[in-house]
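Chain by chain, the residues run as shown.
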Amino acid sequence: MGWTEERVEQLKTLWTEGLSASQIARVLGGVTRNAVIGKVHRLGLAGRATSTRADRPRLSMPRQHVVRAAPEPEPVVEDPLPLEDGNYANVLSVTDRMCRWPIGDPADNAFHFCGRKPKTGSPYCEAHARKAYQPQSARRDRRAAH
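Residues numbered from 1 in each chain as written. Predicted model: local features only at pLDDT ≥ 70, side-chain atom pairs only at ≥ 80, totals over all residues. Heavy atoms only, no water.

1. A few points about the overall build of the chain
Here is step 1: For the chain, the count of helices and strands is 5 helices and 2 strands.
Here is step 2: Taken from the N to the C terminus, the helices and strands of the chain come in the order α-α-α-β-β-α-α.
Here is step 3: The burial tally for the chain puts 25% of its 146 residues in the buried class.
Here is step 4: Nonlocal contacts in the chain, meaning residues at least 24 apart in sequence, comprise 47% of its contacts between residues at least 6 apart. (Helix = DSSP H or I, 4+ residues; strand = E, 2+ residues; numbered from the N terminus. Buried < 20%, exposed > 50% of the residue type's maximum accessible area, 1.4 Å probe, protein only. Contact = heavy atoms within 4.5 Å.)

Quick look at the structure:
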C-alpha cells in the first residue's frame, strides 16, 4: 500500500501524539513498523511530543495476563561484626573464617568486610549469600518490576 497524502497526514498526527512506530503501523494497516520508521525519517519528523507509556492511547490488543510469584523479601543483613580491637575486617585482616562481603567504596579508608561467620562452602554469611546467589527467575522478576 502506498503513502497517499491522507496516510502521510495521519502518520504525522499519530507520530506527534507519541505513538510508537509499531502502533502507527497497526493503525494505518498495510505497512510495517520499519516502513513507518523510514517514512518518519524521510519526512524529518524526528521531534515529537514526549509522553509516558501511560499517556499513550492503548490500541485494542489484548495482553496475556501473567501471574508472577511475589519476589522473595530482601534478606535481613546485620551490621558488620567488629573485630576484638573494635575495627572491622579489612583487606589485611579478613580471613577465610569471615564473611567477605565488601562494604563501602574500596577507595575509601572506611572500606571493610562484613566479618560475620560464613555459610559453609561460601565466602559469605547466610544473608549475604542469599543476596549474592539468587535464582535466575528472582533476578528476572526484580528487573521486570523496575
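Structure's up, so let's keep going.
2. What to know about the environment of asparagine 109
Here is step 1: If you trace the backbone, asparagine 109 turns up in the loop between strand E1 (102-103) and strand E2 (112-113).
Here is step 2: Assessed through its relative accessible area of 79%, asparagine 109 is described here as exposed.
Here is step 3: Each C-alpha atom, one on asparagine 109 and one on asparagine 90, is 9.6 Å from the other, the two residues being 19 residues apart in sequence.

3. Things to note about the packing of helix H1 (residues 5-16) against helix H3 (residues 33-43)
Packed helix pairs are specified by the crossing angle of their axes together with the interaxial distance, meaning the distance between the axes.
Here is step 1: Across the interface, H1 lies against H3 with an axial gap of 11 Å and an inter-helix angle of 90 degrees. The angle between H1 and H3 falls in the class roughly perpendicular. Here Val8, Leu11, Lys12 and Trp15 of H1 come into contact with H3, specifically with Val36, Lys39, Val40 and Leu43.
Here is step 2: A breakdown of the residues in the contact of H1 with H3 according to their chemical character gives 6 nonpolar, no polar and 2 charged. (Axes fitted to C-alpha atoms, helices over the stretch in contact; angles between N-to-C directions. Parallel < 35°, antiparallel > 145°, perpendicular 65-115°, else oblique. Nonpolar A, V, L, I, M, F, W, Y, C, P; charged D, E, K, R; others polar.)

4. Comments concerning the nonpolar core
Within soluble globular proteins, side chains that are nonpolar tend to cluster in buried spots.
Here is step 1: Leu11, Leu14, Trp15, Leu19, Ala21, Ile24, Ala25, Leu28, Val31, Val36, Val40 and Leu45 together form the largest nonpolar core, which totals 12 residues.
Here is step 2: Considering each element in turn, this core owes the most residues, 4 residues, to helix H2 (residues 21-28).
Here is step 3: Core analysis: the second largest hydrophobic core is formed by 6 residues, Cys99, Tyr124, Cys125 and Ala129 among them. (Core = buried A, V, L, I, M, F, W, Y, C linked by side-chain atoms within 4.5 Å.)

5. Looking at the confidence of the model for the chain
Here is step 1: Averaged over every residue, the pLDDT of the chain is 80; the share at 70 or more is 72%.
Here is step 2: When mean pLDDT is taken per element in the chain, E2 scores highest with 92 and helix H5 (residues 136-145) scores lowest with 66. (pLDDT = per-residue confidence, 0-100.)

6. Notes on H2
Here is step 1: Buried within H2 are the following residues: Ala21, Gln23, Ile24, Ala25 and Leu28.
Here is step 2: Just downstream of H2, glycine 29 is the residue with a positive phi angle, here 70 degrees.

7. Thoughts on H3
Here is step 1: Of the residues making up H3, those classed as buried are Val36, Gly38, Lys39 and Val40.
Here is step 2: Of the surrounding secondary structure, the elements contacted by the buried residues of H3 are H1 and H2.

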